[in-house]
Amino acid sequence: SKAGDKILDSMLASAASNGDFSLSATVNLLKLEVFVFYQKWKEAVDLVRKAGNVRQFLTASFASVRYTFLEALTYVKAAQSAFGWKKRQMKKCAHKAMQLIRGWAKNGNVNVVHYLYILDAELAVLDG
């Protein structure tokens, strides 16, 4: 809702003015969750690009893993509706985030394997 957006935006403004990168990263994760839930891929891509690498500021490892998954999913879904160089660019960004998740799985984190299944299926849709 509009009220929720205003609250999150005011929290982001407050975090920026106080230099609270952890709060800013958490709010960006929450906003990304909402955009993905409602399948607003353009807004999600804009948020991911604007937020940058927030993984280093997310205090819980779950939050960092979840953000990485949502980032990869956002780029894959955006690539599905893009054409030409934009599609290749989005796919490249998705692969970069997926490499992080693959590394975690390879190092023994079994809690991310299902993320890879979902992302691989979405990539298969993208590749036809």
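Residues numbered from 1 in each chain as written. Predicted model: local features only at pLDDT ≥ 70, side-chain atom pairs only at ≥ 80, totals over all residues. Heavy atoms only, no water.

Describing the overall build of the protein
The following threshold applies: Helix and strand assignments follow DSSP, with helices taken as H or I runs no shorter than four residues and strands as E runs no shorter than two, numbered in order from the N terminus. This radius of gyration counts C-alpha atoms alone. The globule rule is 2.2 Å times how many residues there are, raised to the power 0.38.
From N to C terminus, the protein includes six helices and zero strands. Listing every helix and strand of the protein by position from the N terminus yields α-α-α-α-α-α. In summary, the protein has a C-alpha radius of gyration of 15 Å against a globular reference of 14 Å for 128 residues, a match within 12%. Projected onto its principal axes, the C-alpha positions of the protein cover 45 × 35 × 25 Å.

Some points on the packing of aromatic side chains
Operational definition: Working definition: a ring pair exists when centres of Phe, Tyr or Trp rings (six-membered ring for Trp) sit within 6.5 Å. Plane angles under 30 degrees give stacked, over 60 give edge-to-face, the rest tilted.
For the structure on display, the rule yields three aromatic pairs. Here Phe37 and Tyr38 contribute two aromatic rings whose centre-to-centre distance is 5.0 Å and whose plane-to-plane angle is 90 degrees, an arrangement assigned as edge-to-face.

Topic: the layout of surface pockets
Put simply, the rule is: Both site types are read off a 1 Å grid over the protein atoms alone. A 1.4 Å probe that fits but cannot get out defines a cavity, while an open set with protein on both sides within 12 Å along at least five of seven lines defines a pocket; lining residues have an atom within 4 Å of a point. Grid points are joined across faces, edges and corners, and a volume is the space filled by probe spheres set on the points. The nonpolar class holds Ala, Val, Leu, Ile, Met, Phe, Trp, Tyr, Cys and Pro. Asp, Glu, Lys and Arg form the charged class, and all remaining residues, Gly among them, are polar.
Considering only enclosed or pocket space, the second largest pocket measures out at about 210 Å³ in volume. Along its surface, the second largest pocket is lined by Val48, Arg49, Gly52, Asn53, Arg55, Glu71, Tyr75, Cys93, Lys96, Ala97 and Leu100. Those elements that place two or more of their residues in the lining of the second largest pocket are helix H3 (41-51), helix H4 (61-80) and helix H5 (84-106). Looking at which element gives the most residues to the lining of the second largest pocket, the answer is H5, with four residues. For the lining of the second largest pocket, the class distribution of residues is five nonpolar, two polar and four charged.

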